[in-house]
Amino acid sequence: MFILEARHQRRWKSANPFQNLLKEINVNGETFHYFDIASFPEYRELPYSVRVLLESAVRNCDNFQVLEKDVRGILSWKQAKGTPGSETELEIPFKPARVILQDFTGVPAVVDFAAMRDAVLKLGGDPDRINPICPSDLVIDHSVQVDFARSEDALAKNQDLEFERNKERFTFLKWGAKAFNNMLIIPPGSGIVHQVNLEYLARVVFQDASRSKDGTVKMLYPDSVVGTDSHTTMINGLGVVGWGVGGIEAEAVMLGQAISMLLPEVIGYRLVGKLNSLVTSTDLVLTITKHLRQIGVVGKFVEFFGPGVSELSIADRATISNMCPEYGATVGYFPVDQNALDYLRQTNRAEDKVCVIEAYLRATEQLRNFSDAEQDPVFTQIVELDLATVVTSVSGPKRPHDRVSVSEMQQDFRQCLTNKVGFKGFAVPENELVAEGSFSWTDGKTYSLRHGSVVIAAITSCTNTSNPSVMLGAGLLAKKAVEAGLKVAPYIKTSLSPGSGVVTYYLKESGVIPALEELGFNVVGYGCMTCIGNSGPLDDNVANTIEKNNLVCCGVLSGNRNFEGRIHPNTRANYLASPLLVIAYALAGTVDIDFEKQPIGTKPDGTAVFLRDIWPTRQEIQAVEKKHVIPAMFRDVYEKVELGSPAWQGLAAPTGKLYPWDTTSTYIKHPPFFEGMTRDLPTLSNIVNARALLNLGDSVTTDHISPAGSIARNSPAARYLSDRGLTPREFNSYGSRRGNDAIMARGTFANIRLVNKLVARAGPRTLHIPSGEEMDVFDCAERYATEGTPLIALVGKDYGSGSSRDWAAKGPYLLGIKAVIAESYERIHRSNLVGMGIVPLQYLDGQNADSLGLTGREQFNIAIPANCKPHERITVSTDGGKEFQVIVRFDTEVDLEYFRNGGILNYMIRKMID
């Protein structure tokens, strides 16, 4: 893990028209300043999440980036968004307090900053002006792959391989920390970005001397954050407003730009009652995810309230907030309450700082008592969940919001086998339902695989590994299973990747590590790992048996994403589950089981053991947690977090303000985004005689567009690497090579499960329309480029859902895609397309490619007016005589400004040289 932290540099602006709201507060003899936003008459009706937006606008109001009318607009939230279905659209600026990046998106950000310096110098400007202004933390947590599992030395071996594979990237980042002002690096090995954020980085309230007039009196203001991973929302569970943005947008915030957003609707999600003693927070979040998907909260804030919230720990709340992208909201916010303050103390935050945080939140009426209904603000809409109705659940086999009760799991899986191909179907022919394959293992035994056999079982991902209740619960379940003589089949790839060193600490102290290891759940690394697609290879015997018999085998993981093709090419079905259920299904060896009626295994004497016999209660888990999760653990882990391993300390990095690009590097390459750039704005041109590179359906995710997993040996990216002398063992993953545009362009739309209507079979293939030749997507785009043909993409609903990835926009840009026509967009991805100068177009309601009779084989003409307005309707015509209207999804004037500049980074460069 790396963390790069750039300290705050913004200076006090005396032009602020709300300076009359500046107040003093004294805490333990120290004086602080803050803006008294609670003095506005409209304040108490505002949702707590909107109060954070208001404070940011008031504090940053300079009548340049943030206008006085913007503040008045936020104060009018009740009139604009206080009722469902309001058509009032109000654009507001938001300046987050900080930015957080993980390594896969952080490396491209530093690459872009380095290339921007080169561009500024070439255009006659000062390259040293390109520096982060907003505090920016970069955490490397995606680079570890599960190459070694089920052994005592798995952790050391995986970490050694991580350093060997990524040494060039690490060296580059170490250069960046020196070259860019005010950057702090915390080296690899500390955990997942969102857990490090929760346990260590989050301030809750900033105490910032740089915002005062003379640099002595500290300014207090709410912590807020945007991050380059969509699960940045996990920090909402601690009362910090934050969400995921594209890497492109994050870079602009780092350079001091405000985010332009629409004032959101806020859905109040009322929690009542208590969870059943056998239910986990994972079951709760899967229930909420399905519920909110059914309601429809895309582009909205969700704010939790009600007496049931007090029953949830901060870790439980963070689990719910973490899966905010899966239920589609911008944030899933829990305001700060006494539990949150207690969590700060538990995680070893300084007592004097916690006292200041509490005093500020009380003074500005941002400290919540969930049992006091009089504090409830106005919401756009209120929905309710009784916690007592939550049951043990999983989600899958292909989407995180397809929740299934464990009691119905066997029936649901069997139905999925025969359903037609789709999110809940595999279309297995009836005569193949009993397919089976056998193989020999190193223990001399023969094992069999069938549909539903579990071959990957991973306790992984920020969603759950930050939560002591489910991690300790898994440990207690493992302990009881071992005591009953149960075992996990040796061919199942089991792994445990804690979210931070603290997790390993309390698992050891509570005495459950030996049982976990006995079942094969050894600690294999600190990072996202299996959840991001870094599951590593399956044994050849297992993989060959699956492929030979065309089996629907399964991965079970405590993650947040299970989109098709993400976890492993050989696991066609993947289920999200609590860490306890990950172990349970590993013990069973199959998801085709009814735990109520069928035993999970047998004792050595032949006695049947049912899951209920080894399942710990919530009370058992809480007793162990109270005893073993203590502040000293957080102190011991994080006080040494900046030192790094001997390998890191000995890593030599270049010096100087400009990066010495190595043209032979396959990891770090100077990007072509600024080639040919001029000081003056480019002339906008129409899209004429364009071809559709792809014709895609609904729910095309960023995993389909920009894979983060392994590089297939027969792919264009593999050929590129092979041509440069690399062997397949050295390919590494797409995510680790995000600093090389040539590889990422070749990896765009390289998902093996991509369904392109222009070709007959799923895969990363398309049709070159003029010749009728089928080829790899990249090769086709390259051929069109040599012919001078602009490209577009036709897609369905929810285009770009999934993790926020800048390369899901950069890649299509490099392929020559000028516009995308979709039924609807995921919020971050639409913003990223604009950030790269790609035009996001949307069909009118009720229309799509099929209803309009579009096949994708036409030539398209798109004329975008020079004075285009947000959400303007324009006409698209084809060579066959068809004409249809689309909505230009430039949502704000800022979007249009970025587009006119050719993208957000080009806009920033021109601004720097003015």
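Residues numbered from 1 in each chain as written. Predicted model: local features only at pLDDT ≥ 70, side-chain atom pairs only at ≥ 80, totals over all residues. Heavy atoms only, no water.

Trainee: Explain the overall build of the protein residue by residue, including any values.
Mentor: Broken down by element type, the protein carries 31 helices and 35 strands. A compact globule built from 914 residues should have a C-alpha radius of gyration of about 29 Å, and the protein, at 27 Å, falls within 12% of that. Based on the C-alpha atoms only, the size of the protein along its principal axes is roughly 80 × 75 × 55 Å. Taken across its 914 residues, the protein has 64% of its residues classed as buried. In the protein, the proportion of contacts linking residues at least 24 apart, taken out of those at least 6 apart, comes to 75%. Within the protein, one finds 94 positive and 105 negative side-chain charges whose respective centroids are separated by 1 Å. (Helix = DSSP H or I, 4+ residues; strand = E, 2+ residues; numbered from the N terminus. Rg over C-alpha atoms; globule rule 2.2 N^0.38 Å. Buried < 20%, exposed > 50% of the residue type's maximum accessible area, 1.4 Å probe, protein only. Contact = heavy atoms within 4.5 Å. Lys, Arg positive; Asp, Glu negative; His and termini not counted. Charge placed at Lys NZ, Arg CZ, Asp CG, Glu CD.)

Trainee: Explain the packing of aromatic side chains to me, using residue names and the numbers behind them.
Mentor: Scanning all chains against the criterion turns up 28 aromatic pairs. A centroid spacing of 6.0 Å and a plane angle of 85° characterise the contact between Tyr 34 and Tyr 360, whose relative ring orientation is edge-to-face. Of this pair, Tyr 34 sits in strand β3 (residues 30-35) while Tyr 360 sits in helix α12 (residues 351-363), and the two are 326 residues apart along the sequence. By the burial criterion, Tyr 34 is buried, and Tyr 360 matches it. Aromatic side chains Phe 206 and Tyr 221 sit 5.2 Å apart centroid to centroid with 5° between the ring planes, which places their arrangement in the stacked category. Within this pair, whereas Phe 206 is found in strand β8 (residues 205-208), its partner Tyr 221 is found in strand β9 (residues 218-222), the two being separated by 15 residues in sequence. Assessed through its relative accessible area of 0%, Tyr 221 is described here as buried. The rings of Phe 113, Phe 172, Trp 175, Phe 180, Tyr 659 and Trp 661 are connected pair by pair, giving a single aromatic cluster. Its guanidinium or amino end placed over the ring of Phe 610, Arg 612 lies 4.3 Å from that ring's centre, counting from NZ or CZ. (Phe/Tyr/Trp six-rings, centres within 6.5 Å; stacked < 30°, edge-to-face > 60°. Lys NZ or Arg CZ within 6 Å of the ring centre and 35° of its normal.)

Trainee: Explain the environment of Cys 324 residue by residue, including any values.
Mentor: Mapped onto the secondary structure, Cys 324 falls in helix α10 (residues 324-327). Counting along the chain gives 90 residues from Cys 324 to Met 234, while the straight-line C-alpha distance between them is 7.9 Å. Beyond its immediate stretch of four places on either side in the chain, Cys 324 contacts Thr 233, Ala 329, Thr 330, Val 331 and Gly 332.

Trainee: Tell me about the pairing of strand β24 (residues 573-576), and please be specific about residues and values.
Mentor: If a strand is regular, its side chains alternate between the two faces of the sheet. Going residue by residue along β24, you find Ala 573 and Tyr 575 tucked away on one face and Asn 574 and Leu 576 tucked away on the opposite face as well. As paired elements, strand β23 (residues 554-557) and β24 share 4 bridges and run parallel to each other. From the neighbouring strand, Cys 554 faces β24, where its bridge partner is Ala 573. (Pairing = 2+ DSSP bridges.)

Trainee: Outline the domain arrangement of the protein, supporting the account with residue identities and numerical values.
Mentor: When the parts come together, some accessible area is lost, and that loss is often what is quoted as the size of the interface. Here the protein is partitioned into domain 1 (1-46 + 54-80), domain 2 (98-389), domain 3 (450-629) and domain 4 (687-913). If you average the C-alpha positions of domain 3 and of domain 4, the two centres end up 37 Å apart. Between domain 3 and domain 4, the contact holds 10 residues from the first and 12 residues from the second. Both faces combined, the contact of domain 3 with domain 4 buries some 870 Å², and carbon together with sulfur accounts for 47% of it. (Domains from an automatic or database assignment. Buried area = accessible area lost by both parts, 1.4 Å probe.)

Trainee: I'd love a proper account of the sheet that holds β8, names of residues and values included.
Mentor: Spatial ordering of the open sheet is given by β2-β3-β9-β8, a layout of 4 strands whose pairing is mixed. The open sheet has two free edges, formed respectively by β2 (22-27) and β8, since each of these has just one partner strand. Neighbouring strand axes in the sheet, compared pairwise and without regard to direction, differ in orientation by 30° on average. As judged from the 4 bridges shared by β8 and β9, these two strands associate in the antiparallel manner. (Axes fitted to C-alpha atoms, helices over the stretch in contact; angles between N-to-C directions.)

Trainee: Pulling in residues and values, what's your account of the side chain of Glu 249?
Mentor: Structurally, Glu 249 can be placed in helix α7 (residues 247-254). Residue classification places Glu 249 among the buried residues on the basis of a relative accessible area of 16%. Apart from residues no more than four positions distant in its own chain, Glu 249 is found in contact with Ile 259, Ser 831, Asn 832 and Ile 904.

Trainee: Lay out helix α28 (residues 807-815) with the relevant residues and their values.
Mentor: Counting buried positions over the 9 residues of α28 gives 7, a clear majority of the element. Remark: Gly 816 follows α28 within two positions and exhibits a positive phi of approximately 95°.

Trainee: Pulling in residues and values, what's your account of the pattern of salt bridges?
Mentor: According to the stated counting rule, one finds 47 salt bridges in the structure shown. For the salt bridge of Arg 169 with Asp 103, the shortest nitrogen-to-oxygen distance reads 3.3 Å. Taken together, the residues span a long stretch of sequence, with Arg 169 in helix α5 (residues 154-179) and Asp 103 in helix α4 (residues 103-122) at a distance of 66 residues. Taking relative accessible area as the criterion, Arg 169 reaches 1% and is therefore assigned buried. (Salt bridge = Lys/Arg side-chain N within 4 Å of Asp/Glu carboxyl O.)

Trainee: Give a description of the sheet that holds strand β11 (residues 241-244) that names residues and reports values.
Mentor: Across a sheet, strands are paired by hydrogen bonds formed along the backbone, either parallel or antiparallel in direction. One open sheet holds the 4 strands; their spatial order is β6-β5-β10-β11, and the pairing between them is parallel. Edge positions in the open sheet fall to β6 (136-139) and β11, since each of these has one partner strand only. Strand after strand, the sheet turns through a mean of 20° between neighbouring axes, direction not considered. The sheet contact formed by strand β10 (residues 224-227) and β11 spans 4 bridges and is parallel. In the sheet register, Gly 227 faces β11, and the bridge partner there is Gly 244. Lying on the sheet, α7 is in contact with β5 (98-102), β6 and β10; it crosses β5 at an angle near 140°.

Trainee: Residues and numbers for the side chain of Ser 469, please.
Mentor: Looking at the element boundaries, Ser 469 is found in helix α15 (residues 468-483). Classification of Ser 469 as buried rests on a relative accessible area of 11%. Side-chain polar atoms of Ser 469 contact the side chain of Asn 467, separated by 2.6 Å. Apart from the residues within four sequence positions on either side, Ser 469 is in contact with Ser 281, Asp 316, Ile 621 and Glu 625. (Polar contact = N/O pair within 3.5 Å; in protein donor to acceptor, adjacent residues only side chain to side chain.)

Trainee: Tell me about the environment of Val 279, and name the residues and values.
Mentor: Secondary-structure assignment places Val 279 in the loop between β13 (266-272) and α8 (281-295). The spatial distance from the C-alpha of Val 279 to the C-alpha of Ser 578 is 9.8 Å, given a sequence separation of 299 residues. Those residues in contact with Val 279 that sit more than four places away from it in its chain are Val 390, Val 391, Thr 392 and Arg 618.

Trainee: With reference to specific residues and values, describe the state of the cysteines.
Mentor: Evaluated as defined, the whole model comprises 0 disulfides. Distance from the sulfur of Cys 134, which forms no disulfide, to the nearest cysteine sulfur (Cys 61) is 18 Å. (Disulfide = S-S within 2.5 Å.)

Trainee: Could you give an account of the pairing of β3, with specific residues and numbers?
Mentor: One ladder, built from 6 bridges, connects β2 with β3; its direction is antiparallel. Pairing of Asn 26 across the sheet is with Thr 31, part of β3. Counting the residues in the hairpin turn of β2 and β3 gives 2 residues, including Asn 28, whose phi is positive at 50°. In this sheet, β9 lies alongside β3 in parallel orientation, the contact comprising 2 bridges. Directly across from His 33, in β9, lies its bridge partner Met 219.

Trainee: Explain α15 to me, using residue names and the numbers behind them.
Mentor: An α-helical segment advances 3.6 residues per turn. Residues three or four places apart therefore align on the same side. Here α15 is 16 residues long and its end C-alpha atoms lie 22 Å apart, about the 22 Å a rise of 1.5 Å per residue gives. The buried fraction of α15 is high, at 12 of 16 residues. Residues of α15 that are buried include every one of Pro 468, Ser 469, Val 470, Met 471, Leu 472, Gly 473, Ala 474, Gly 475, Leu 476, Leu 477, Ala 478 and Ala 481, and no others. Gly 485 occupies a position one or two residues after α15 and carries a positive phi of about 85°. (Expected span 1.5 Å × (residues − 1).)

Trainee: Can you explain the confidence of the model for the protein? Please cite residues and give values.
Mentor: Summary statistics for the protein give a mean pLDDT of 91 and a share of 97% for residues scoring 70 or more. A low-confidence stretch, residues 1-14 (pLDDT under 50), is modelled with 84 contacts involving residues beyond four sequence positions or located in other chains. (pLDDT = per-residue confidence, 0-100.)

Trainee: Give a detailed account of the packing of α7 against helix α29 (residues 827-835), specifying residues and quantitative values.
Mentor: Orientation of α7 relative to α29, taken along the N-to-C sense of each, is 70°, at an axis distance of 8 Å. In terms of axis orientation, α7 runs roughly perpendicular to α29. Where α7 approaches α29, its residues Gly 247, Ile 248 and Glu 249 are matched on the opposing element by Ser 831, Asn 832 and Gly 835. Classifying every residue of the contact of α7 with α29 by side-chain character gives 1 nonpolar, 4 polar and 1 charged. (Parallel < 35°, antiparallel > 145°, perpendicular 65-115°, else oblique. Nonpolar A, V, L, I, M, F, W, Y, C, P; charged D, E, K, R; others polar.)

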